[in-house]
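Examination of the molecular architecture
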Amino acid sequence: GENVEQHPSTLSVQEGDSAVIKCTYSDSASNYFPWYKQELGKRPQLIIDIRSNVGEKKDQRIAVTLNKTAKHFSLHITETQPEDSAVYFCAARKYNFNKFYFGSGTKLNVKP
Amino acid sequence: KAGVTQTPRYLIKTRGQQVTLSCSPISGHRSVSWYQQTPGQGLQFLFEYFSETQRNKGNFPGRFSGRQFSNSRSEMNVSTLELGDSALYLCASSLATGLAGVVGELFFGEGSRLTVL
């Protein structure tokens, strides 16, 4: 089956700095890669996603890049703000299977 | 539109007991998935139901089971509880139809936090 690894497990940045979280996956059949944000005590919510036919996608301060050859994808957050503090999960899904494999999460702390 | 609703939100059980958790998906969503969330392990896929049929299954023992009703509501059951079953159980619904290439965003509920003593 698929195996998704996520690094780092914790990340502390100063407000205004950039943050990068990286994930690797093992199954080349995976073709959809979402990122979820989970604030303390709340439900995970989708913040951005990318499909395997796209190399990069941006949404304001958030971007995701995908390297299919190397089987890794990354989340980039620019101009971080304290409200970005949360746990971020990457995930991978295979074509036509509604079964998501999640990374173990990255706890991002943005210091004001 | 109401979000995904899970009940109960918190429960405490003892080893050997069984538990049933309930999930009401977003109206119109026919796919319901269950995930177990534990510290450091991320989210582990349990199973997915679509139109009352289990369509995908994770690597959990047979003590974990589920079902889906005709109104898309779903329940999961854990029998003979063990200490290691303590976790947050998240339900997620989506519009994924199973048609080739149709990807549905997962909408999560707030979870049911199970503590096994």
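Below is a short write-up of the structure. Every value quoted in this text rests on a predicted model; they were computed, and no experiment measured them.

1. Focus on the sheet that holds strand E1 (residues 4-7) of chain A
Residues and elements named next belong to chain A. With antiparallel pairing, the five strands of this open sheet are ordered in space as E1-E3-E8-E7-E6. Both outer strands of the open sheet, E1 and strand E6 (56-59), are each paired with one neighbouring strand and no more. Going from strand to strand, the sheet's axes swing by 15 degrees on average, the running direction of each strand aside.

2. Some points on the state of the cysteines
Linking two cysteines covalently via their sulfur atoms produces the bond known as a disulfide. Residues and elements named next belong to chain A. Throughout the structure, instances matching the rule amount to two disulfides over all chains. A disulfide bridge connects Cys23 with Cys90, and the sulfur atoms are separated by 1.9 Å. The disulfide joining Cys23 to Cys90 has a torsion of about -100 degrees about its S-S bond and is therefore left-handed. One end of the pair, Cys23, is in strand E3 (residues 19-25); the other, Cys90, is in strand E9 (residues 86-94), and 67 residues separate them in sequence. For Cys23, a relative accessible area of 1% gives the class buried. The class for Cys90 is buried, based on a relative accessible area of 0%.

Calculation rules
Residues numbered from 1 in each chain as written. Chains lettered and ligands numbered in written order. Predicted model: local features only at pLDDT ≥ 70, side-chain atom pairs only at ≥ 80, totals over all residues. Heavy atoms only, no water. Pairing = 2+ DSSP bridges. Helix = DSSP H or I, 4+ residues; strand = E, 2+ residues; numbered from the N terminus. Axes fitted to C-alpha atoms, helices over the stretch in contact; angles between N-to-C directions. Disulfide = S-S within 2.5 Å. Buried < 20%, exposed > 50% of the residue type's maximum accessible area, 1.4 Å probe, protein only.

These values are about where atoms sit, not about what they do.
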